[in-house]
Amino acid sequence: MMSTINTSACTTEPSLQKSELVEKEEKEHYDDVAEAEAEADDSEKADNEEMRRQMGELPTLAFLPQHRRQLLRLLDKLLSFHQWADAARVISLLLQSSPTGTLTEIQLRRLFMAMCEIEKRLGDAADFHHEVKRRLGEYIEQMISPSMNATAKLELANFYFSQGEYQEAYGEVKKAQMAWSHENLAQDTHGKGNPFMNLTLGMICYKLWYKNAIPEDMKIQRSDVIGPAWEERGIFDSDLEAGFEGPSVFLARGLDTRLLPIKLRPMYEDIEICIQKYRQLADNNVYEEGVQCLSNALHSSPPKSASLDALEPLIQLLLLGDRVTDAGAELVKACFQFDYSAIPFGLRARFVECFAPKEVDTISSCYQAALKIDATCSSYVEDLIKIHGNRNTSNEHSTMVLLEMIPRHIDAMVPSGDLVGLVGRDCVGREVKTSVWEELASCFLTVSNYFQGRIMSEILSERIVRATWKTRFRWWKEKHFRETSLFSQATISEQACIAGSSNTESNLPLLPGDDELLARKAACACHLYGPSDEYVVLALNLLNIRGNNDDISFLEMHMQSALNFCGSVGSH
């Protein structure tokens, strides 16, 4: 019996081991199958996510820092080659795959500026406009500090302003102003705010008011930019005695569009009624806000670059509102505040010319101050010549003013090359205008004929002035009165005449108008260096070959009364 039981037990034990082994193998098989199915699910899920990312339904995975740097370098190259569409895709990819905080503020600003440029280039044609707005919002939200956030909003406002979207620009700059005020409340002791934000807000208000309040027939178009704001209108003495308060733009003469960018309507009714109706255009909150912001920017302490930038639009806005007295007061203060810039002096000179033309001394002193700061401005010299050029022969003061200011202007001008004239040629440099050389020659002739002794003794008695003229003689001889340029042209002209050319004029290197310029420059040279100077002799020969009798007569007249300024100064 015991034997039977033991045999049965031995038989059962191997069966159990075999069963456990089978179960273990089956479990491992099922685990492998489950793992394979899970991997397949994960792979399918990953493929679906990647597809959704490509379709824009899910954000792109974050790039490594080195990948972002490579994309930024690629962006710079695309922008430099003007590949705007490809650059737009790179920007979109960078923003999508850069979580908050991964891009530095400098990198974000680079992207922002690039997006603004792309928007200007592509516009709605590439459907980039809405993408820019959405991404710029995200860009601003990633700013770390409130001050940087305010800067971003200000840049966004400037972007909208450049696109002519003034209402959106107004909203963004107000947000920027609030963000900046919150951050700098303790530092803004004067309560005037940031000058750059004031300038931006003031310009936006200016454009908004001009766009919405000014009638279309009074707005200045591009073709109207140069010239007076209106044609001459008849204003009688009775009009000047009208009962309105203060001066008005309606009573000015020759006010150009740089000061008053508007076309005033002809007056078909009483002048007082016209002025009252016009002034009602400025009865507007946006106008007042623009004036206040530009004024705050102008008078910021200490002055910033935005301060001077605010001057001209503020004067325009004040004159557009017919606030002539306020505009004049601002210009007077600006001449003291920005005595390092020619802009306020030039603006004030033109302002006084229009509203107080009899104040010749004030106008002249403004142009002189402007030329002492920026001697390269030809318009200031020409305006000064208009004041003093039509002088009486006995007006020694006018002659002295021009003898000081015109040489300053010529000192600052560097001719483009050896050619006598620049008309019709592509060249680099600044040539003195013919009218300026003619006026200088006329001044020398006046000195020679009427009061040579007094003026020469005054110049020669001042050591600094005498040293300046000695340096000037050498400088002008090298830059403005070079004999080599004339010698080559005279040789070509003589050869053309010897060859018997039927059309000698067409073979000469001078262009129309160059004869007049050459004669005026040579006239100045004969007063400076004497009538026997090589430049003068060569110029006269060249004019004789070309046969222009008027210019020959002009030069010979000056040669007969030559001052020989260089010889007089050199002997002292």
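Procedures and definitions
- Residues numbered from 1 in each chain as written.
- Predicted model: local features only at pLDDT ≥ 70, side-chain atom pairs only at ≥ 80, totals over all residues.
- Heavy atoms only, no water.
- Phe/Tyr/Trp six-rings, centres within 6.5 Å; stacked < 30°, edge-to-face > 60°.
- Buried < 20%, exposed > 50% of the residue type's maximum accessible area, 1.4 Å probe, protein only.
- Helix = DSSP H or I, 4+ residues; strand = E, 2+ residues; numbered from the N terminus.
- Salt bridge = Lys/Arg side-chain N within 4 Å of Asp/Glu carboxyl O.
- Axes fitted to C-alpha atoms, helices over the stretch in contact; angles between N-to-C directions.
- Left-handed = near helix turned anticlockwise from the far one by under 90°.
- Contact = heavy atoms within 4.5 Å.
- 1 Å grid on protein atoms, 1.4 Å probe; cavity = no way out; pocket = protein on both sides within 12 Å on 5 of 7 lines; lining within 4 Å.
- Points joined across faces, edges and corners; volume = space filled by probe spheres on them.
- Core = buried A, V, L, I, M, F, W, Y, C linked by side-chain atoms within 4.5 Å.
- pLDDT = per-residue confidence, 0-100.

Caption draft 1: Molecular detail of the packing of aromatic side chains. Applying the stated criterion across every chain yields a total of 14 aromatic pairs. Taken together, a centroid distance of 5.5 Å and an interplanar angle of 55° make the contact between Phe 161 and Tyr 166 tilted. Phe 161 sits in the partly exposed class, given a relative accessible area of 22%. Judged by its relative accessible area of 18%, Tyr 166 is buried. Pairing Trp 437 with Trp 476 gives two aromatic rings, centres 6.2 Å apart and planes at 80°, and the pair type is edge-to-face. Taken together, the positions of Trp 437 in helix 19 (residues 434-449) and Trp 476 in helix 21 (residues 463-479) put the pair 39 residues apart, joining distant regions of the chain. Exposure remark for Trp 437: the relative accessible area of 0% places this residue in the buried category.

Caption draft 2: Representation of the pattern of salt bridges. Inspection of the entire model under this criterion finds 17 salt bridges. Across the salt bridge formed by Asp 515 and Arg 546, the nearest N and O atoms sit 2.7 Å from each other. Separated by 31 residues along the polypeptide, Asp 515 in helix 24 (residues 514-529) and Arg 546 in helix 25 (residues 534-546) bring together distant segments of the chain. For Asp 515, a relative accessible area of 9% puts it in the buried group. Judged by relative accessible area, Arg 546 falls into the buried class, the value being 11%. Where salt bridges share partners, they join Glu 288, Arg 323 and Asp 326 into one cluster.

Caption draft 3: Layout of the packing of helix 8 (residues 195-213) against helix 13 (residues 311-320). Remark: helix 8 packs on helix 13, axes separated minimally by 11 Å, with the N-to-C direction vectors making an angle of 35°. The way helix 8 lies across helix 13 gives a crossing that is left-handed. Together, Met 203, Tyr 206, Trp 209 and Tyr 210 of helix 8 and Pro 313, Gln 316, Leu 317 and Leu 320 of helix 13 make up the contact between the two elements.

Caption draft 4: Spatial organisation of helix 17 (residues 378-388). Of all the residues in helix 17, the buried ones are Ser 378, Tyr 380, Val 381, Asp 383, Leu 384, Ile 385 and His 388. Packing partners of the buried residues in helix 17 comprise helix 15 (343-355), helix 16 (360-373), helix 18 (396-412) and helix 19.

Caption draft 5: How the structure looks around the layout of surface pockets. When its volume is computed, the second largest pocket comes out at roughly 340 Å³. If you go around the second largest pocket, you meet 13 residues; those closest to its centre are Tyr 166, Tyr 206, Lys 207, Tyr 210 and Ile 220. At the level of elements, helix 8 and helix 13 are the ones that each hand at least two residues to the lining of the second largest pocket. Element by element, the count of residues in the lining of the second largest pocket is highest for helix 8, at five residues.

Caption draft 6: Spatial organisation of the nonpolar core. Ranked by size, the top nonpolar core spans 100 residues in total, and within it Val 249, Leu 260, Tyr 278, Leu 319, Leu 440, Phe 481 and Leu 528 carry the most contacts. Tallying contributions element by element places helix 24 first for this core, with 10 residues. If we skip the residues at most four places from it in the chain, Leu 319 touches Val 249, Leu 255, Leu 259, Leu 260, Tyr 278, Val 324, Ala 327, Phe 351 and Phe 355. Within the second largest apolar cluster, 20 residues are counted, among which are Leu 156, Phe 159, Tyr 160 and Ala 176.

Caption draft 7: How the structure looks around the confidence of the model for the protein chain. In this model, the protein chain carries an average pLDDT of 75, and 65% of its residues clear a pLDDT of 70 or more. The low-confidence segment residues 418-429, where pLDDT is below 50, has 29 contacts with residues more than four positions distant or belonging to other chains. Confidence drops under pLDDT 50 across residues 501-509; counting only partners more than four residues distant or on other chains, this segment forms 11 contacts.

Caption draft 8: Quick peek at unusual backbone geometry. Within the chain, His 82 stands out as a residue other than glycine whose phi angle is a positive 60°. Mapped onto the fold, His 82 is located in the loop between helix 2 (65-80) and helix 3 (84-96). On the accessibility criterion, His 82 (49% relative accessible area) is partly exposed. Even without being glycine, Asp 322 reaches a positive phi, approximately 60°.

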